[in-house]
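Each chain, letter by letter, is given below.
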Amino acid sequence: MESGFDAAFSTGLALKEKQIQQNYRPIIGIHKWFARRPGTLFRSLMLAEFCESGTLKDNFWIAQKFRGVIGDPFMGGGTPVFEANRLGFHVVGCDINPMAHWIVRQSLSELEINTFRKEAERLVQSVQQKVDRLYQTTCLDCGKEAEVKYFMWVKTAPCPKCHGINDLFPGYLLAEAVRHPKNLLLCSGCGTLNEFSELPTRKSPAICKSCEQPVHIEGNVSKKKLDCCHCGHGFSISQFKKPPAHRMWAIEYHCEACYHTKAGRQFKAPDANDLKKFHLAKKKLASLSDSLPIPEDPIPAGDESDRLHRWGYSKYRELFNERQLLGLGFLLKGIVAISDIPVREALLTVFSDTLRYQNMLCRYDTYALKCQDIFSIHGFPVGLIQCENNLLGIEKVGSGAFVHFVEKYIRAKQYCLAPFETRQKGGKKETVPIPGETIKATLVSGQPSGFKTKQAFLINQPSQAVPLTKDSLDGVFTDPPYYDNVQYAELIDFCFVWLRQVLGEKFPGFRAPSTRSAEELTGNETEKRGLEHFTNGLSEVFTHFAQALKVGGPFVFTYHHNDPTAYLPLVVAILDAQLICTATLPAAGEMSASLHIAKTGSSILDSVFVCRKMTRNQQKNEQLELLTVQPQVECFKILKDDGLMMQQAGVRVSKGDLRCLMAGHVARLATRILQSKWDRFLPLKVKMDMATECIKKISDQVEIEFAVTEVSDFLAVSKRNEPSLVEK
Ligand SMILES: C[S@+](CC[C@H](N)C(=O)[O-])C[C@H]1O[C@@H](n2cnc3c(N)ncnc32)[C@H](O)[C@@H]1O
Ligand SMILES: [Zn+2]
Ligand SMILES: [Zn+2]
Ligand SMILES: [Zn+2]
């Protein structure tokens, strides 16, 4: 793999995959998981390792039937596990989080798609009868009943001086003149929605068509401060003792009778009927609440969930409004009553995933004109304007509602039966079927064996402690937690508290009140889990899985962090596990990085650490080879090659990217230099100090900043001379 992995080719594919995500690998549509890596990367790595002949560029499009077992100690949403299964391998996958385990299980298990579709339709119909009217509004154009796509809400707060209620608008723009013909803005004076070709600002405002007051994009709240609209008193909105109240201020709807006569979307300010309907939902919920499965769980403190506490939320149910709770309660109750177990479990998964778009943290994207996923960043961002989505959804209209998620699940399952790749040809996307491959497995409860079926041993435990047989794995491919990058458990508890109400009886992982665990390998300030905890745990897991690996087998993992000290745990873990790191390869990183990383100028690339389990003799030979290595020369040359390959693949390589790749090379060299004197039984602190010192020494020799600038300049020049080789 060290030589057969074509980083430019693989990254070129990964970039495409990142662009179209679910259309490229629809299997990720089973359920959200955080920080997924591209599937094309893991397919490339496995092919580079296990194909006996041919180039990666050729082999990539051909079905493979490898035999053996691949392990993944941090399977998360399952990307390496799926890719290994697809290539014919048995898999042993482990994750501490019961939701991750559930998602991979659902992805690999069989489902009768027609039955699933029929049951889903029946369910939707029965819930529709109960809630449909609550999602209807009167069309402004024809006066008929139309379907609401989104209700817009704004947070409100009482003035501390006069107690008058104030809306909290950061801005008054509802739709940009991109997908809608004109800019749509609210008049804060009278509540009318106005359309303007130009964007009015406070400096040059427009005039409201109803009340003739000035209208502008700037809201009444800036940096959490506002002046009371009743008494003029200035106050700030930083502390909430109970969940904030909301006021409905706009609706986007879809009128089947007249939408085709309109050049854009249909919006309105809510009328008395719309408000009445919400009131009705409230009353209905109050009368039914006890009979509906709605979680009462408190939100525990946490690095991410503390933000919710600051906004006054103390229970998960408070993150939903009454209409959402009512509809979700009906849906879940309906799903639980389904007798076909695989169908019921599949619909539970759909339900759980839909929650992301059915809560009062969702925002409305004023550019794309749709509701945004609460997890579009890895946290719980609380905004001032929230978007309430239609629950069941209008077929082929809008997104993020239940019927859309049913379709997404079906597409995922169909993909598993006939996986494909996507290729650019003559500027067009072309789907390339790979007949002979499938993604499915027989779930087993012990070490996989035999050749009749592809098996998956999925374990929901901390990987430090899973039962593994010595020399039983042909490879380990994993995407570990990147220290404090994502608080998996804190985030996914949002879905988990709903499912645990119904899955706890059958699945022990769903009995605990939360998916949080002291053994989760993440840095977490609230839980006081620092670098030592992460290093120690990673070392245990690596050691454990390396023991299960056959001699010569690859132990491959991705990593990146903008803080160079976060590479220290890798050095200790690799050395403790007695693995030899033979290469660090550049690759495209997180799938959705565009959203929350791109803007920060941080790296979007990962280092792929390729390590091997070696015999004593092989280790000695490697040691001899090392004597000829000069860190500054080696790192500089490799970084330049990395940069060139990434540029060829179409990456705009930033200095942040180069710094991360360099940190990967430095870490690899550190493992090589320390290998001969490493004693894994030394106290953790001593080992961490040794690694720190070694990394520092290499970093000084390499002169990282100098190298990064040199390579960056070099890339800029070569880009001007030779445009990207990848077809756009
Ligand atoms: C596949 S995701 C990695 C995503 C990405 N690399 C990132 O930026 O963090 C890592 C997975 O490790 C799991 N995990 C964390 N600690 C674990 C442990 N002790 N044992 C098993 N799995 C663990 C998490 O639940 C998560 O699903
Ligand atoms: Zn109409
Ligand atoms: Zn006031
Ligand atoms: Zn007005």
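Just so it is clear, the model here is predicted, and its values are computed rather than measured.

Looking at the overall build of the protein
- Regarding its fold elements, the protein presents 20 helices and 25 strands.
- Here the C-alpha radius of gyration of the protein, 27 Å, is about what a compact globule of 728 residues would show, namely 27 Å.
- Across its three principal directions, the C-alpha atoms of the protein cover 85 × 60 × 55 Å.
- In the protein, the share of contacts with a sequence separation of at least 24, taken over all contacts with a separation of at least 6, comes to 72%.

Digging into the coordination of the zinc ion (ligand 3)
- The zinc ion (ligand 3) binds to the protein through Cys-159 (SG), Cys-162 (SG), Cys-228 (SG) and Cys-231 (SG), with metal-donor distances spanning 2.3 to 2.4 Å.
- Considering all four donor atoms around the zinc ion (ligand 3), angles at the metal cover 104 to 114 degrees and the coordination shape is tetrahedral.
- Read from N- to C-terminus, the donor residues coordinating the zinc ion (ligand 3) fall into the pattern C-x2-C-x65-C-x2-C. Here Cys-231 lies in the loop between strand E11 (225–227) and strand E12 (234–236) and Cys-162 lies in the loop between strand E4 (145–158) and strand E5 (165–167), a separation of 69 residues in the sequence.
- Judged by relative accessible area, which is 37%, Cys-231 ranks as partly exposed.

Considering the sheet that holds strand E23 (residues 554–559)
- Taken in spatial order, the eight strands of this open sheet run E20-E21-E2-E1-E22-E23-E25-E24, and their pairing is mixed. With partners counted over all chains shown, the strands left at the sheet margins are strand E20 (442–444) and strand E24 (579–588), one partner each. The sheet shows a mean angle of 20 degrees between the axes of neighbouring strands, taken without regard to direction.
- Relative to strand E22 (residues 475–478), strand E1 (residues 69–72) runs parallel, the two sharing two bridges. Bridging across to E22, Ile-70 finds its partner in Gly-475.
- Sitting on the sheet, helix H13 (residues 531–548) touches E1, E22, E23, E24 and strand E25 (605–613), and the angle it makes with E23 is about 150 degrees.

Quick look at the site of ligand 1
- By nearness alone, 22 residues border ligand 1, and Asp-95, Asp-479, Pro-480, Asn-485 and Tyr-488 come closest of all.
- Within the backbone of Tyr-482, a nitrogen or oxygen atom sits 3.2 Å from an oxygen atom of ligand 1.
- Starting from 590 Å² of accessible surface for ligand 1 in isolation, the protein chains cover 99%.
- Looking at the shell around ligand 1, its residues break down into 11 nonpolar, six polar and five charged.

What to know about the coordination of the zinc ion (ligand 2)
- Listed as protein donors to the zinc ion (ligand 2) are Cys-139 (SG), Cys-142 (SG), Cys-255 (SG) and Cys-258 (SG); their distances from the metal cover 2.2 to 2.3 Å.
- Around the zinc ion (ligand 2) sit four donor atoms, and with donor-metal-donor angles ranging over 100 to 128 degrees the site reads as tetrahedral.
- Mapping the donors of the zinc ion (ligand 2) onto the primary sequence gives the spacing C-x2-C-x112-C-x2-C. One end of the pair, Cys-139, is in the loop between strand E3 (136–138) and E4; the other, Cys-258, is in the loop between strand E13 (245–254) and strand E14 (266–268), with 119 residues separating them in the sequence.
- For Cys-139, a relative accessible area of 3% translates into the label buried.

Concerning the packing of aromatic side chains
- In the structure shown here, the tally under the stated rule is 35 aromatic pairs.
- With a centroid separation of 6.4 Å and an interplanar angle of 80 degrees, the aromatic rings of Phe-9 and Trp-61 are classed as edge-to-face. Residue Phe-9 is found in helix H1 (residues 7–20), and its partner Trp-61 is found in the loop between helix H3 (56–59) and E1; the two are separated by 52 residues along the sequence.
- Using a relative accessible area of 17% as the deciding quantity, one classes Trp-61 as buried.
- For the ring pair Tyr-357 and Phe-405, a centre distance of 5.5 Å and an interplane angle of 75 degrees mean the geometry is edge-to-face. With Tyr-357 in the loop between helix H10 (341–354) and strand E15 (364–365) and Phe-405 in helix H11 (residues 402–417), this residue pair connects regions lying 48 residues apart in the sequence. As far as the burial class goes, Tyr-357 and Phe-405 line up, both buried.
- Clustering of aromatic rings is evident, with ring pairs tying together Trp-33, Phe-34, Phe-320, Phe-351, Phe-375, Phe-380, Tyr-488, Phe-494 and Trp-498.
- Taking the ring centre of Phe-151 as reference, the NZ or CZ of Arg-323 above it sits at 3.7 Å.

Remarks on the environment of Glu-119
- Within the secondary structure layout, Glu-119 lies in helix H6 (residues 113–131).
- For Glu-119, the residues in contact, after removing those within four places along its chain, are Ile-338, Val-343 and Leu-347.
- A distance of 2.9 Å separates polar atoms of two side chains, one belonging to Glu-119 and the other to Arg-122.

Here's the deal with the sheet that holds strand E6 (residues 173–175)
- Strands sit in the order E6-E7-E8 across an open sheet of three strands; the sheet is antiparallel. Every interior strand has two partners, whereas the edge strands, E6 and strand E8 (193–196), have only one. Between one strand axis and the next, the sheet turns by 35 degrees as a mean value, whatever way the strands run.
- Direction of pairing for E6 relative to strand E7 (residues 183–186): antiparallel, over a ladder of two bridges. Looking at the pairing, Ala-175 lines up with Leu-184 of E7.

What about the domain arrangement of the protein?
- In terms of domains, the protein is made up of domain 1 (7–109 + 440–486 + 522–721) and domain 2 (116–170 + 219–410).
- The centre of domain 1, based on its C-alpha atoms, is set 39 Å off from the matching centre of domain 2.
- Between domain 1 and domain 2, the residue contacts involve 20 residues of the former and 17 residues of the latter.
- For the pairing of domain 1 and domain 2, the buried interface totals around 1,600 Å² over both sides, and the portion due to carbon and sulfur atoms is 52%.

A word on the environment of Ile-217
- If you trace the backbone, Ile-217 turns up in the loop between strand E10 (214–215) and E11.
- On a C-alpha basis, the gap between Ile-217 and Glu-519 in space is 48 Å, while along the polypeptide they are 302 residues apart.

Section: the packing of helix H17 (residues 631–649) against helix H18 (residues 655–674)
- In the contact formed by H17 and H18, the axes pass within 10 Å of each other and the chain directions differ by 140 degrees. One element, H17, and the other, H18, form an angle in the oblique class. Between H17 and H18 lies a crossing of right-handed hand. Judged by residue contacts, Pro-631, Glu-634, Cys-635, Ile-638, Leu-639, Asp-642 and Gly-643 of H17 engage Leu-658, Leu-661, Met-662, His-665, Arg-668 and Leu-669 from H18.

Considering the environment of Ser-44
- By the secondary structure assignment, Ser-44 is in helix H2 (residues 39–50).
- When neighbours within four sequence positions are excluded, Ser-44 is seen to be in contact with Phe-5, Ser-10, Leu-56 and Phe-60.

Details of the packing of helix H7 (residues 272–288) against helix H9 (residues 322–336)
- Contact geometry for H7 and H9: axes closest at 8 Å, N-to-C directions at 50 degrees. With respect to H9, the element H7 is oriented oblique. Of the two elements, H7 crosses H9, and the hand of that crossing is left-handed. Residues Phe-278, Ala-281, Lys-282, Lys-284, Leu-285 and Leu-288 of H7 form the contact with H9, whose own contacting residues are Glu-322, Arg-323, Leu-325, Leu-326 and Phe-330.
- Of the residues in the contact of H7 with H9, the class split is seven nonpolar, no polar and four charged.

Reading the values: the criteria
- Residues numbered from 1 in each chain as written.
- Chains lettered and ligands numbered in written order.
- Predicted model: local features only at pLDDT ≥ 70, side-chain atom pairs only at ≥ 80, totals over all residues.
- Heavy atoms only, no water.
- Helix = DSSP H or I, 4+ residues; strand = E, 2+ residues; numbered from the N terminus.
- Rg over C-alpha atoms; globule rule 2.2 N^0.38 Å.
- Contact = heavy atoms within 4.5 Å.
- Donors = N, O, S within 2.8 Å, 3.2 Å for Na, K, Ca; no water.
- Tetrahedral: all angles 85-135°; square planar, octahedral: opposite > 155°, others 65-115°.
- Buried < 20%, exposed > 50% of the residue type's maximum accessible area, 1.4 Å probe, protein only.
- Pairing = 2+ DSSP bridges.
- Axes fitted to C-alpha atoms, helices over the stretch in contact; angles between N-to-C directions.
- Near = heavy atom within 4 Å.
- Polar contact = N/O pair within 3.5 Å; in protein donor to acceptor, adjacent residues only side chain to side chain.
- Areas by Shrake-Rupley, 256 points an atom, 1.4 Å probe, with all protein chains shown as cover.
- Nonpolar A, V, L, I, M, F, W, Y, C, P; charged D, E, K, R; others polar.
- Phe/Tyr/Trp six-rings, centres within 6.5 Å; stacked < 30°, edge-to-face > 60°.
- Lys NZ or Arg CZ within 6 Å of the ring centre and 35° of its normal.
- Domains from an automatic or database assignment.
- Buried area = accessible area lost by both parts, 1.4 Å probe.
- Parallel < 35°, antiparallel > 145°, perpendicular 65-115°, else oblique.
- Left-handed = near helix turned anticlockwise from the far one by under 90°.

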